[in-house]
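# Breakdown of the fold
Each chain is listed here by its residues.
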Amino acid sequence: MSNRSRSRRKFWRNVFLYFAVYAVLIPVVFYLLDTTTFMRLAQKDILLFCLELAGSAFAISLIINFWSRRDPELQKW
């Protein structure tokens, strides 16, 4: 197995792990900070609301992984 494919697989595995964490963490923090807006948006259109939360979790995990992959100081962590 080449080093490039191993690195790519590790990158996407990290993206998935961060996504799983943020997919749980973002709704919990949003609910705790603004319960009324959370409930209003959830009652308005639950599917769209879930997609927005999942999209934001995926975007955050992707940005963090791209950033940590490019920055040599963050690679030490």
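Residue positions are given per chain, counting from 1 as you read along its sequence in written order. Per-residue local features of the predicted model are confined to residues with pLDDT of at least 70, and side-chain atom pairs are confined, for both listing and counting, to 80 or more; whole-chain, interface and lining totals are unaffected and use all residues. Each side-chain value is worked out from all heavy atoms of the structure, with water and hydrogens disregarded.

### What about helix α3 (residues 46–70)?
- Numbered from the N terminus, helices here are DSSP runs of H or I no shorter than four residues, and strands are runs of E no shorter than two. Expected helix span is taken as 1.5 Å per residue step, with the number of steps being one fewer than the number of residues. The terminal C-alpha atoms of α3 lie 36 Å apart, and with 25 residues this matches the ideal 36 Å at 1.5 Å per residue to within 8%.
- Burial classes: relative accessible area under 20% of the type maximum marks a residue as buried, over 50% as exposed, and values in between as partly exposed (1.4 Å probe, protein chains only). What α3 keeps buried is the set Phe-49, Leu-53, Ala-57, Ser-61, Leu-62 and Asn-65.
- Where α3 is buried, its residues meet α1 (3–33) and α2 (35–44). Throughout, a residue-residue contact means that at least one pair of heavy atoms, one from each residue, lies within 4.5 Å.

### As for a nonpolar patch on the surface
- Judged by side-chain polarity, Val-24, Val-28, Tyr-31, Leu-32 and Met-39 come together as a nonpolar surface patch covering roughly 470 Å² of accessible area.
- If one sorts the elements of the nonpolar patch by residue count, α1 sits on top with four residues.
- Tracing the chain through its elements places Leu-32 in helix α1. Patch criteria: residues need more than 30% relative accessible area and no salt bridge. Like-charged residues are merged within 9 Å; nonpolar side chains of Val, Leu, Ile, Met, Phe, Trp and Tyr are merged within 5 Å. Here the open area of atoms and residues is found with the Shrake-Rupley method and a 1.4 Å probe, where only the protein chains shown may cover a residue. Each reported salt bridge corresponds to a side-chain nitrogen of Lys or Arg within 4 Å of a carboxyl oxygen of Asp or Glu.

### Re the packing of α2 against α3
- Between the N-to-C directions of two axes lies an angle of 0 to 180 degrees, each axis being a line fitted to C-alpha atoms and, for a helix, fitted only over the stretch in contact. Contact pair α2 / α3: the axes reach a minimum separation of 5 Å and the direction vectors enclose 120°. The orientation of α2 with respect to α3, classified from their angle, is oblique. Contacts between α2 and α3 pair Phe-38, Leu-41, Ala-42 and Lys-44 from the former with Ile-46, Phe-49 and Leu-53 from the latter.
- When residue character is reported, Ala, Val, Leu, Ile, Met, Phe, Trp, Tyr, Cys and Pro are called nonpolar, Asp, Glu, Lys and Arg charged, and the others, Gly included, polar. In terms of residue class, the contact of α2 with α3 is made up of six nonpolar, no polar and one charged. Just so you know how the angles are binned, under 35 degrees is roughly parallel, over 145 roughly antiparallel, 65 to 115 roughly perpendicular, and the rest oblique.

### Details of a positive patch on the surface
- Neither His nor the chain ends is counted toward charge; the positive residues are Lys and Arg and the negative residues Asp and Glu. Here the site of a charge means atom NZ of a Lys, CZ of an Arg, CG of an Asp or CD of a Glu. On the surface, a cluster of positive charge is contributed by Arg-4, Arg-8, Arg-69 and Arg-70.
- If you list the elements that add at least two residues to the positive patch, you get α1 and α3.
- As for its placement among the helices and strands, Arg-4 is situated in helix α1.
- A relative accessible area of 64% places Arg-4 in the exposed class.

### A closer look at the environment of Phe-49
- Structurally, the position occupied by Phe-49 is in helix α3.
- Sequence-distant contacts of Phe-49, defined by excluding residues within four places in its chain, comprise Phe-30, Phe-38, Leu-41 and Ala-42.

### Some details on the confidence of the model for the protein
- A score between 0 and 100, pLDDT records how confident the predictor is in each residue. With 90% of its residues at a pLDDT of at least 70, the protein reaches an overall mean of 89.
- Averaged pLDDT values over the elements of the protein bottom out at 64 in helix α4 (residues 72–75) and peak at 95 in α2.

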